[in-house]
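Spelled out from the first residue to the last, the chains are:
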Amino acid sequence: MQICKLIVISSDKVQVIQCRSENPASFVLIPTGFSGEDAQNALYMRFEWYENDIQHSAVCTFKSYDNGKLTLSPVSGVQKDETEQFHIIDTYETVEFRHVQESEIADFKQKTDNINRRFRNSLTTQIKNILSDETLTNQFLFRLLLQIDGKLDELLAHKMDGSIDGLKECKLLALSGGGLYFTSDSASAGDYFFIQSTPKYTSNFIFAALCKAKEVIKAPQGVIVISEFVHLDEISRDGMVHFVFEKEREKLKRIRANV
């Protein structure tokens, strides 16, 4: 059995499903924690697997589900990609975004660098980096400092909002070291977006990035944008890769515990 992955987009979420298959090229797979009904109602599905360290993927539709086995029908040719691939995790966080015109790209690259540098050097980030190595008593004290600094970061985020016009809220549905999936009222492939996650909405992972829409999936309300990073500094990308890896490892532990 070969391990593979199915990315499923529904009207309000993205699911990253771990699967097994005797022959992925047959598009017959055994998904974990995923039903045929979920597949039938999906807006979009992409099946991914590896052969000789080369990623293979295809956009698919539902064909049948029987006795735990899901059969898909590819609607695109199998794409082969030898470039670096990143783990992806599903999430459901509120972030802020706005369309960016091509004439604004240089300006927003600078804004993303400034925001990422500021939060990377914040007291909260520094405490998190040393927290696990401290005694329980010190951890308790540091957590109190985190709460205090979190409030300061929140105030900073409010102040920061005013420096960027046209920001709107959206849902971040999935993230990886290569890009983001998020909701929008409208978008087209090739559009540029500025996206930021701030302490006002989450304490999980703070970042800002410039993205470009690769695919746009129509949803009952608006669209779901599959994007790639156009600008994200190396340190922030490494932090995101580490965050995604840890979350995926936690998910796999839960799956194995329930098998």
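Each remark here, short or long, concerns the structure printed above.
In this text, all values refer to a predicted model and were calculated from it rather than measured experimentally. (Residues numbered from 1 in each chain as written. Predicted model: local features only at pLDDT ≥ 70, side-chain atom pairs only at ≥ 80, totals over all residues. Heavy atoms only, no water.)

J.: Is there a simple way to think about helix H2 (residues 105–120) in this case?
T.: In an α-helix, one full turn covers 3.6 residues, which means residues spaced three or four apart are oriented alike. If you check H2, its first and last C-alpha atoms are 22 Å apart, about what 16 residues at 1.5 Å a residue would give, namely 22 Å. Taken residue by residue, H2 has Ile105, Phe108, Thr112, Asp113, Ile115, Asn116 and Phe119 as its buried positions. (Helix = DSSP H or I, 4+ residues; strand = E, 2+ residues; numbered from the N terminus. Expected span 1.5 Å × (residues − 1). Buried < 20%, exposed > 50% of the residue type's maximum accessible area, 1.4 Å probe, protein only.)

J.: Help me out: how do you make sense of the pairing of strand S5 (residues 54–66) in this one?
T.: Along any regular strand, the residues point their side chains to alternate faces of the sheet. Where strand S4 (residues 44–51) and S5 come together, seven bridges link them in antiparallel fashion. By the bridge assignment for S5, Tyr50 is matched with Gln55. Taken together, S4 and the strand that follows it, S5, pair antiparallel across an intervening segment of two residues, in which Asn52 is found at a positive phi of about 55°. Both S5 and strand S6 (residues 69–74) contribute to a ladder of six bridges, which runs antiparallel. If you follow Ser64 over to S6, its bridge partner there is Thr71. (Pairing = 2+ DSSP bridges.)

J.: For this particular structure, what's the right way to read the pattern of salt bridges?
T.: In the structure shown here, the tally under the stated rule is five salt bridges. Residue Glu248 is joined to Lys5 by a salt bridge in which the shortest nitrogen-to-oxygen separation is 3.6 Å. One end of the pair, Glu248, is in helix H5 (residues 234–258); the other, Lys5, is in strand S1 (residues 2–9), and 243 residues separate them in sequence. Judged by its relative accessible area of 13%, Lys5 falls in the buried class. For Glu104, the salt bridge identified is with Arg98, shortest N-O distance 2.9 Å. We classify Arg98 as buried; its relative accessible area is 16%. (Salt bridge = Lys/Arg side-chain N within 4 Å of Asp/Glu carboxyl O.)

J.: In this structure, what is going on with the pairing of strand S12 (residues 207–218)? I would like to understand it.
T.: Relative to S12, strand S11 (residues 192–197) runs antiparallel, the two being bridged by six bridges. The residue bridging Ser197 from the neighbouring strand is Phe207, located in S12. As paired strands, S12 and strand S13 (residues 223–231) are joined by eight bridges and run antiparallel to one another. Looking across to S13, one finds that Leu210 is bridged to His231. What sits between S12 and S13 in their antiparallel hairpin is a turn of four residues, with Gly222 showing a positive phi close to 80°.

J.: What should I look at first to understand the nonpolar core in this one?
T.: The tendency in soluble globular proteins is for nonpolar side chains to be buried side by side. Leu180, Phe182, Phe193, Ile195, Phe207 and Met240 are the most contacted members of the largest nonpolar core, which has 23 residues in total. Where this core is concerned, the elements lending two or more residues are strand S8 (88–100), strand S9 (168–176), strand S10 (180–184), S11, S12, S13 and H5. For this core, the element with the most residues is S12, which contributes four residues. The residues touching Met240, leaving out its near neighbours within four places in the chain, are Leu175, Ser176, Phe205, Phe207, Phe229 and Leu232. Listed in part, the 17 residues of the second largest apolar core include Leu6, Phe34, Trp49 and Leu72. (Core = buried A, V, L, I, M, F, W, Y, C linked by side-chain atoms within 4.5 Å. Contact = heavy atoms within 4.5 Å.)

J.: How do you make sense of the packing of aromatic side chains when you look at a structure like this?
T.: Given two aromatic rings, their pairing is described by the distance between the two centres and the angle made by the two planes. Under the defined criterion, the tally for this structure stands at seven aromatic pairs. The interplanar angle of 90° and the centroid separation of 5.7 Å between the aromatic rings of Phe27 and Trp49 together place this pair among those described as edge-to-face. On the criterion of sequence distance, the pair formed by Phe27 in the loop between strand S2 (14–21) and strand S3 (28–31) and Trp49 in strand S4 is long-range, its members being 22 residues apart. Plain terms: the ring middles of Phe47 and Trp49 are 5.2 Å apart, the flat faces sit at 35° to each other, and that makes the pair tilted. The class for Phe47 is buried, based on a relative accessible area of 0%. Under the relative-accessibility criterion, Trp49 is labelled buried at 2%. Here the aromatic cluster, defined as three or more aromatic residues joined through ring pairs, consists of Phe27, Phe47 and Trp49. (Phe/Tyr/Trp six-rings, centres within 6.5 Å; stacked < 30°, edge-to-face > 60°.)

J.: Sorry, what's going on with unusual backbone geometry here?
T.: The phi torsion of most residues other than glycine is negative, and most of the peptide bonds are trans. The residue Asp53 is not glycine, and still its phi comes out positive at about 65°. Its place among the elements puts Asp53 in the loop between S4 and S5. The backbone of Asn67 sits at a positive phi, close to 55°, despite the residue not being glycine.

J.: What is the right way to look at the side chain of Ser57 in this model?
T.: Relative to the elements of secondary structure, Ser57 occurs in strand S5. The residues touching Ser57, leaving out its near neighbours within four places in the chain, are Arg46, Phe47, Glu48, Gly77, Val78 and Gln79.

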